Amino acid sequence: MALPSTYADRNCSLARALEIVGERWTLLIVRDAFFGISRFGDFATQLGIPRAVLTNRLKFLVQEGVLDHTDGEYRLTTKGVQLWPILRAMMAWGDDHYSPTGEKRTFWHTNDNGRLDPEGRCSVCGGLVPAADTRVDPGPGFDPGTTNPDPVSALLNTPRRLMEPLA
């Protein structure tokens, strides 16, 4: 369900973008898709989201071309992958302002193992690194939450390449 728009002529790109990704849970679903989650049940387990809400959000993201749904799995489309810089920036902002123990996750360039800055630039080659060439590791502020995680959480708590499907 899209946010009601107060822009009669819809002449604001930010308002239009928020109509797609501004609903509660939506950016977390997209984040988890970047982290390799692709199955409905895994999204539900990781997010603790009501199944009806998840069904609605996934259907809407597919309808809007952010996710593709094939053979029971959800994958980011090219349009969805373009959200990565926004998510990365929001995570960096959250770490700066709400994570006193440090970054929850760190990002690395898979080609040269360079650390990425908050803008996604590699400390080794200086390039802007796309999501497909990014590895995510638990950071100093990461808290796995439990000593006996479910199999999906255990995989998410280890270094892994973005968008690589969970085994």
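Residues numbered from 1 in each chain as written. Predicted model: local features only at pLDDT ≥ 70, side-chain atom pairs only at ≥ 80, totals over all residues. Heavy atoms only, no water.

1. What about the pattern of salt bridges?
Taken as a whole, this structure holds seven salt bridges when the rule is applied. Taking the shortest distance from any N to any O, the salt bridge between Arg31 and Asp32 comes out at 2.9 Å. (Salt bridge = Lys/Arg side-chain N within 4 Å of Asp/Glu carboxyl O.)

2. Examining the packing of helix 2 (residues 26-34) against helix 6 (residues 84-98)
Their axes nearest at 11 Å, the elements helix 2 and helix 6 cross at an angle of 105°. Considered as vectors, helix 2 and helix 6 are oriented roughly perpendicular to each other. Every residue of helix 6 that contacts helix 2 at Leu27, Val30, Arg31 and Phe34 is listed here: Trp84, Leu87 and Met90. Looking at the contact of helix 2 with helix 6 residue by residue, the class counts come to six nonpolar, no polar and one charged. (Axes fitted to C-alpha atoms, helices over the stretch in contact; angles between N-to-C directions. Helix = DSSP H or I, 4+ residues; strand = E, 2+ residues; numbered from the N terminus. Parallel < 35°, antiparallel > 145°, perpendicular 65-115°, else oblique. Contact = heavy atoms within 4.5 Å. Nonpolar A, V, L, I, M, F, W, Y, C, P; charged D, E, K, R; others polar.)

3. Comments concerning the side chain of Arg105
For Arg105, the location among the structural elements is in strand 3 (residues 105-109). Put simply, Arg105 is tucked away with no salt bridge, and the nearest opposite charge, on Asp32, sits 6.7 Å away. From its side chain, Arg105 meets the backbone oxygen of Leu156 in a polar contact 3.2 Å long. Apart from the residues lying within four places of it in its own chain, the contact partners of Arg105 are Phe35, Asp95, Val136, Asp137, Pro138, Gly139, Phe142 and Leu156. (Buried < 20%, exposed > 50% of the residue type's maximum accessible area, 1.4 Å probe, protein only. Lys, Arg positive; Asp, Glu negative; His and termini not counted. Polar contact = N/O pair within 3.5 Å; in protein donor to acceptor, adjacent residues only side chain to side chain.)

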